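# Remarks on the overall topology
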Amino acid sequence: MYATRCVIPVIKSSKDYQVYRISPDASNRLAIIFDSTSANTSLTCCIEIFDVGGQTPPNRHQWAVEMFFVLKGEGIAICDGKSATIKAGDSLLVPPTGTHLIKNTGSSRLYTLTVMIPNEDFSELIRSGIPAELDAEDMAVLGRFDALMPC
């Protein structure tokens, strides 16, 4: 039996992502893929781009689970005093209330797919930051060489 209604998915490409630095001195940028504003759901999904030596500030979430999937680069993940090295292909799941940070320890940028459920004001924090851009290196990692070409 087929559904009686059709739900159209929200589809975006990397050239549609809105990019921010949370603060002027932040050493990482967040490119929002989906959040409560763009997808009407309590999920925040973004590409997090860490400059060489960059890191998130230590932070924790009361209810949200946060997942990081390393797309490229290497770093260290620290949660409640425990640390682990991370590299491309690794996943990290941070439970609610875990104080954590991610730091780029490699010689190039670190890229993670970062997902938080529920949103817990994460996308609002990102969007309150300073607008930024994806550059050619970022677009190459995201597989969109054509997004930089003029129409």
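Numbering of residues starts from 1 in every chain and runs along the sequence as written. Residue-level local features of this predicted model are given only where pLDDT is at least 70; pairs of side-chain atoms are given and counted only at 80 or more, and the full residue set underlies all totals for whole chains, interfaces and linings. Water and hydrogen atoms play no part in the side-chain values, which are based on all heavy atoms of the structure.

In the nomenclature of an unreviewed UniProt entry, the protein corresponds to Cupin 2 domain-containing protein from the organism Nostoc commune NIES-4072.

### Side note on the pairing of strand E4 (residues 65–72)
Consecutive side chains along a regular strand alternate between the two faces of the sheet. The condition is simple: Pairing between two strands is assigned when DSSP locates at least 2 bridges connecting them. The helix count covers DSSP runs of H or I at least four residues long, the strand count covers runs of E at least two residues long, and both are numbered beginning at the N terminus.
Taken together, the seven bridges between E4 and strand E9 (residues 110–117) define a ladder with antiparallel strand orientation. Across the sheet, residue phenylalanine 69 finds its bridge partner in E9, namely leucine 113. In this structure, E4 lies alongside strand E7 (residues 91–94), joined through four bridges in antiparallel fashion. By the bridge assignment for E7, phenylalanine 69 is matched with serine 91.

### Side note on the sheet that holds strand E1 (residues 18–21)
Rules: Axis lines are fitted through C-alpha atoms, for helices just across the contact stretch, and the angle between N-to-C directions can take any value from 0 to 180 degrees.
Taking strand neighbours across the sheet as the criterion, the seven strands line up as E7-E4-E9-E3-E2-E1-E10 in an open arrangement whose pairing is antiparallel. The open sheet is flanked by E7 and strand E10 (130–132), the only strands paired with a single partner. The mean angle between the axes of side-by-side strands here comes to 30°, regardless of whether they run parallel or antiparallel.

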